[in-house]
Amino acid sequence: MTPKTVHTPFSQNKTTRREALALALSAGLSALIGVPSTARAQNTSDEAAFASLGALLDTFLPEDELSPAATAVGVATDLRAFLSANGQLEQLFIIALNWMDGLAQVPFWQLSFAERTEILTHMSAADYNQIPGRFYHIARALAVEFYYATPESLAGLELNPSPQPEGYLPPWS
């Protein structure tokens, strides 16, 4: 892995799409990090919090007859690396995943697909200015971004990359 360079507004380097996304998301999270201490006290281990990340990603993007599940193409690993470089965003994930683990008698990753879907459906309708709603939308956007950046996710789709497979139609040919 190559070391990341720091980009300033006056830098001649181009910012990647993922770096711009991280900056935008981090800027909007400043107010969310001041959550009550009870939300953080549920689980003090970051690794324990991220145990449910794979289940979350596979609930967003499950395996089907055309494409693999999110964890099968390494989305969890890529997302963890991305989050580790973005402290406030990583903190949001830790808080939200801990909260999700405390919703049932067992952690989120041990719930059935239907139970996980029910929780995510509730979160999708939650107020965007509260952690469950904000987390849902950010996590889903990042999951989709990282998933469709992999060639394996597109392999089962019938995409024709050529805009004009038959060439130019007469009278221009």
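Scroll up to find the structure.
The model shown is predicted, which means the values in this text are computed figures rather than measured ones.

Asker: Looking at this structure, I do not really get the environment of Glu115. What am I missing?
Answerer: Here Glu115 is to be found in helix 7 (residues 113-125). Classification of Glu115 as partly exposed rests on a relative accessible area of 40%. Spatially, the C-alpha atom of Glu115 lies 10.0 Å from that of Thr59, the residues being 56 residues apart in sequence.

Asker: Sorry, what's going on with the packing of helix 5 (residues 75-84) against helix 6 (residues 87-101) here?
Answerer: Two numbers describe a pair of packed helices, the interaxial angle and the distance between the axes. Contact geometry for helix 5 and helix 6: axes closest at 7 Å, N-to-C directions at 125°. Between helix 5 and helix 6, the angle falls in the class oblique. Two secondary-structure elements touch here, helix 5 through Leu79, Phe82, Leu83 and Ser84 and helix 6 through Gly87, Leu89, Glu90 and Phe93.

Asker: I keep staring at the packing of aromatic side chains and nothing clicks. Help me out?
Answerer: Aromatic rings considered in pairs are described by the distance between their centres and by the relative angle of their planes. If you walk through the whole model with that rule in mind, you get four aromatic pairs. When the centroid spacing of 5.6 Å and the interplanar angle of 65° are considered together, the rings of Phe60 and Tyr136 count as edge-to-face. Here Phe60 is found in helix 4 (residues 53-60), whereas its partner Tyr136 is found in helix 8 (residues 131-147), with 76 residues between them in sequence. Like Tyr136, Phe60 is buried. Relative to Tyr148, the ring of Tyr147 has its centre 4.8 Å away and its plane inclined at 85°; by these criteria the two rings are edge-to-face. Residue classification places Tyr147 among the buried residues on the basis of a relative accessible area of 2%.

Asker: What is the right way to read the pattern of salt bridges from this model?
Answerer: Two side chains that carry opposite charge are able to pair once their charged atoms sit near each other. Enumeration according to the criterion identifies one salt bridge in this entry. For Arg80, the salt bridge identified is with Glu47, shortest N-O distance 2.9 Å. One end of the pair, Arg80, is in helix 5; the other, Glu47, is in helix 3 (residues 46-49), and 33 residues separate them in sequence. Residue Arg80 is classed as partly exposed on the basis of its relative accessible area of 25%.

Asker: Hey, could you run me through the side chain of Ser153 in this one?
Answerer: Within the secondary structure layout, Ser153 lies in helix 9 (residues 151-154). In this structure the side chain of Ser153 is engaged in a polar contact, spanning 2.9 Å, whose partner is the backbone oxygen of Tyr147. Other than its neighbours up to four places away in sequence, Ser153 contacts Ser67, Pro68, Tyr147 and Tyr148.

Rules used in this analysis
Residues numbered from 1 in each chain as written. Predicted model: local features only at pLDDT ≥ 70, side-chain atom pairs only at ≥ 80, totals over all residues. Heavy atoms only, no water. Helix = DSSP H or I, 4+ residues; strand = E, 2+ residues; numbered from the N terminus. Buried < 20%, exposed > 50% of the residue type's maximum accessible area, 1.4 Å probe, protein only. Axes fitted to C-alpha atoms, helices over the stretch in contact; angles between N-to-C directions. Parallel < 35°, antiparallel > 145°, perpendicular 65-115°, else oblique. Contact = heavy atoms within 4.5 Å. Phe/Tyr/Trp six-rings, centres within 6.5 Å; stacked < 30°, edge-to-face > 60°. Salt bridge = Lys/Arg side-chain N within 4 Å of Asp/Glu carboxyl O. Polar contact = N/O pair within 3.5 Å; in protein donor to acceptor, adjacent residues only side chain to side chain.

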